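# Descriptive analysis of the structure
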Amino acid sequence: MTRPSFEELVRQIQELPALPAVVLELMSSIDQEDTDVYVLGQKIELDQALAAKTLRIANSSFYGMQSRVTSIPHAVSVLGFHSIRTLVTACALTGSFAPVSGGFDFQGFWRHSLATAVAARMLAPHLQVNPETAFTAGLLHDLGTLVLATRFSAEHAQIRGYRQAHDCQMFDAELAILGMDHAQVGSALAAYWKFPVAIQQAVADHHALERLDCGGLPLVVHVANAVAHALDLSGRDDALVPPLSDAGWERFALSDAAWFALFGQIESTFDEMSRIILA
Amino acid sequence: MSANTHGGSREIALEQAQEGMVLAQALNDAGGAVLLAEGATLTAASLAALRRRGVERCSIVAEEAPDPAAWAHAEQELARRLERLAVLFRTTPPEGSGAQLLGLLQRYRQGGQA
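Quick caveat, the model's predicted, so the values are computed rather than measured. (Residues numbered from 1 in each chain as written. Chains lettered and ligands numbered in written order. Predicted model: local features only at pLDDT ≥ 70, side-chain atom pairs only at ≥ 80, totals over all residues. Heavy atoms only, no water.)

### A closer look at the overall build of chain B
Counted only if it meets this: What counts as a helix is a DSSP run of H or I of at least four residues, what counts as a strand is a run of E of at least two, and both are numbered from the N terminus. Classification of residues uses two cut-offs on accessible area relative to the type maximum, computed with a 1.4 Å probe and protein chains only: under 20% is buried, over 50% is exposed, and between them is partly exposed. Note on contacts: a residue pair is in contact if any heavy atoms of the two residues lie within 4.5 Å. In short, Shrake-Rupley with a 1.4 Å probe defines the accessible areas, and a residue's cover is counted only from the protein chains shown.
Check the secondary structure of chain B and you find three helices and five strands. Looking at chain B as a whole, 30% of its 114 residues are labelled buried. When contacts within chain B are restricted to residue pairs at least 6 apart in sequence, those whose partners lie at least 24 apart make up 49%. Accessible area for chain B stands at about 7400 Å²; split by element, carbon and sulfur atoms hold 52% of it.

Structural data, given as structure tokens:
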């Protein structure tokens, strides 16, 4: 089997189904402060399934609201634009990729992505990173895997076979079979979709042990990814905790009690959100 | 052993009573005056006072008798979770941050004592 070139990969990415317009708009507005929240609310309401899921999460203990949130404009006003963007992005993205046949574990993929998103959101404040951006970056960190599984399903089956035979990390198997890994593929897709540069970088660097010393969003996603695997939230038998950056880990400097509290929060929030988003 | 268990409480000799135990029944002196109320936690000082007043026995709240089946199940569950951690961390080197994360998770699964 000949390896697809990076150019071919990018061409395949361009043939991927377009993301819902509202998600592209939300992602491109991450760095803008002057987004028209009212117009945004109206757009969300046009997609009823999206609006319904958004309201269910707005009313979950994830946000701990005292009173019931009953409409999208209400949700936007009480939760704020940043939170709404996170919710809508999560709901829309998880519904944007139709499962393919051929043995790729879609459910396990999204469970791990959501677990990483929840962990990233909880870890972010400890590194002065915006929690909402961290959630989105966590959700998208393995985007490249989706491209490989849906557009290069034969190669991806080989990658999974290699991974199983060698019991190695996915990126080792990807490099052996394809010569590139899901982080590279994912960052190409994030760039094609014009995601904010910070998110592109987090997708590209979440396994880049040598580039995580500077902290920030890539480090939050890197550690969140390891914690999500360590808490065994993907439900996959062959889950494997990836190598952790020593320098990055030390930047968190949390007490044991603080870690235990975080683990508990991540487990319960993931449990609640997965029932809504991945239902 | 002069212990007598019934209905969530246990009657014991005062010399067996220890600090931190909780009275299941008020202790009265010979005249009927309450020395220590029901629910009071015994302290070194109150135990000394009770001895001075010649109290010989007291009734304390019995600790939850562990249900052996539930206990065995919890033990099994913990063993299963610790085994699973070893599988999840099967390629993590024994030194470094990965090993630290594993150590945290092991203690978290055992009840999270810092």
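Further notes follow.
### Quick notes on the interface of chain B and chain A
The test is simple: Two parts placed together each lose some accessible area under a 1.4 Å probe, and the buried area is that loss summed for both. Take a side-chain nitrogen of Lys or Arg and a carboxyl oxygen of Asp or Glu: if they are within 4 Å of each other, that pair is a salt bridge. Residues adjacent in sequence count toward polar contacts only when both atoms are side-chain atoms; beyond that, a polar contact is any pair of N or O atoms within 3.5 Å, and within protein one must be able to donate a hydrogen and the other to accept it.
Taken together, the contact between chain B and chain A spans 20 residues of the former and 26 residues of the latter. Buried surface at the junction of chain B and chain A, both sides included, amounts to about 1900 Å², of which 57% is carbon and sulfur. Between chain B and chain A we count four salt bridges in total. Ionic pairing is found between Arg 90 of chain B and Asp 167 of chain A, a salt bridge with its closest N-O pair at 2.6 Å. Our count for the contact surface shared by chain B and chain A stands at 14 residue pairs in polar contact (both at pLDDT 80 or more). Within the residue set of the side of chain B that touches chain A, elements represented by two or more residues are helix H2 (68-88) and helix H3 (97-109) of chain B.

### Quick notes on the environment of Thr 116 of chain A
Residues and elements named next belong to chain A. Along the polypeptide, Thr 116 turns up in helix H7 (residues 106-123). Sequence separation between Thr 116 and Cys 168 is 52 residues; the distance between their C-alpha atoms is 20 Å. Ignoring any residue separated from it by four or fewer positions in sequence, one finds Thr 116 in contact with Gly 138, His 141, Val 221, Ala 224, Asn 225 and Ala 228. Separated by 2.8 Å, the side chain of Thr 116 and the backbone oxygen of His 112 make a polar contact.

### Topic: the domain arrangement of chain B
The condition that has to hold: Residue ranges assigned to each domain were obtained from an automatic or database domain assignment.
Per the domain assignment, the segments of chain B are domain 1 (4-61) and domain 2 (68-109). The straight-line distance from the C-alpha centre of domain 1 of chain B to that of domain 2 of chain B is 42 Å.

### Re the side chain of Glu 174 of chain A
All names here are of chain A. Using the following cut-off: Counted charges follow a simple rule, with Lys and Arg positive, Asp and Glu negative, and His plus the chain ends left uncounted.
Assignment of secondary structure puts Glu 174 in helix H11 (residues 170-177). Despite its burial, Glu 174 remains without a salt bridge, the nearest opposite charge being carried by Arg 163 at 8.5 Å. Excluding anything up to four places from it in sequence, Glu 174 contacts Thr 145, Leu 148, Ile 159, Gly 179, Met 180, Asp 181 and His 182.

### Quick look at the confidence of the model for chain B
Put simply, the rule reads: Known as pLDDT, the predictor's confidence for each residue is given on a scale from 0 to 100.
With 89% of its residues at a pLDDT of 70 or more, chain B has an overall mean of 85. This prediction of the complex comes with two scores: 0.76 for pTM and 0.84 for ipTM.

### So, the packing of H7 of chain A against helix H8 (residues 131-140) of chain A
A pair of packed helices is captured by two measures, namely the crossing angle of their axes and the spacing between those axes. Residues and elements named next belong to chain A. Our working rule: Axis definition: a line fitted to C-alpha atoms, limited for helices to the stretch in contact. Angles are taken between N-to-C directions and run from 0 to 180 degrees. Any angle from 65 to 115 degrees is called roughly perpendicular, while one under 35 is roughly parallel, one over 145 is roughly antiparallel, and all others are oblique. In a left-handed crossing the near helix is turned counterclockwise from the far helix by less than a right angle, and in a right-handed crossing that turn is clockwise. In the scheme used here, Gly and all other residues not listed as nonpolar or charged are polar, with Ala, Val, Leu, Ile, Met, Phe, Trp, Tyr, Cys and Pro taken as nonpolar and Asp, Glu, Lys and Arg as charged.
Axis separation between H7 and H8 bottoms out at 7 Å; the angle between their running directions is 160 degrees. In terms of orientation, H7 and H8 fall into the roughly antiparallel class. For the pair H7 and H8, the sense of crossing is right-handed. Between H7, through Trp 110, Ser 113, Leu 114, Thr 116, Ala 117, Val 118, Ala 120 and Arg 121, and H8, the contact on the second element is made entirely by Pro 131, Glu 132, Ala 134, Phe 135, Gly 138 and Leu 139. Per-class residue counts for the contact of H7 with H8 are nine nonpolar, three polar and two charged.

### Considering the nonpolar core
We count it as follows: Residues enter a nonpolar core if they are buried and are Ala, Val, Leu, Ile, Met, Phe, Trp, Tyr or Cys, with the set joined through side-chain atoms within 4.5 Å.
The biggest cluster of nonpolar side chains holds 106 residues, and the ones touching the most others in it are Ile 57, Trp 110, Val 223, Trp 259, Phe 263 and Met 273 of chain A together with Leu 101 of chain B. For this core, the element with the most residues is H7 of chain A, which contributes 11 residues. Here Phe 263 of chain A is in contact with Val 227 and Leu 231 of chain A together with Leu 101, Leu 104, Leu 105 and Tyr 108 of chain B, once residues within four sequence places are set aside.

### Some points on the pattern of salt bridges
Using the criterion set out here, one finds 13 salt bridges over all chains in the structure. When the shortest N-O distance is used, the salt bridge between Asp 232 of chain A and Arg 84 of chain B registers 2.7 Å. Taken together, the residues span two chains, with Asp 232 of chain A in the loop between helix H14 (216-230) and helix H15 (246-250) and Arg 84 of chain B in helix H2. Given a relative accessible area of 25%, Asp 232 of chain A falls into the partly exposed group. Relative accessible area serves as the criterion here: at 19%, Arg 84 of chain B is assigned to the buried category.

### Examining the packing of aromatic side chains
So the rule is basically this: Stacked, tilted and edge-to-face are the three classes applied to pairs of Phe, Tyr and Trp rings, where Trp contributes its six-membered ring and a pair requires centres within 6.5 Å; stacked means planes under 30 degrees apart, edge-to-face means over 60, and tilted covers the rest.
A full pass over the atoms with the stated rule returns eight aromatic pairs over all chains. With a centroid separation of 4.7 Å and an interplanar angle of 10 degrees, the aromatic rings of Trp 249 of chain A and Trp 259 of chain A are classed as stacked. Separated by 10 residues along the polypeptide, Trp 249 of chain A in helix H15 and Trp 259 of chain A in helix H16 (residues 256-277) bring together distant segments of the chain. On the basis of relative accessible area, Trp 259 of chain A is assigned to the buried category, the value being 3%. Following the ring pairs from residue to residue traces out a cluster consisting of Trp 249, Phe 252, Trp 259, Phe 260 and Phe 263 of chain A together with Tyr 108 of chain B.

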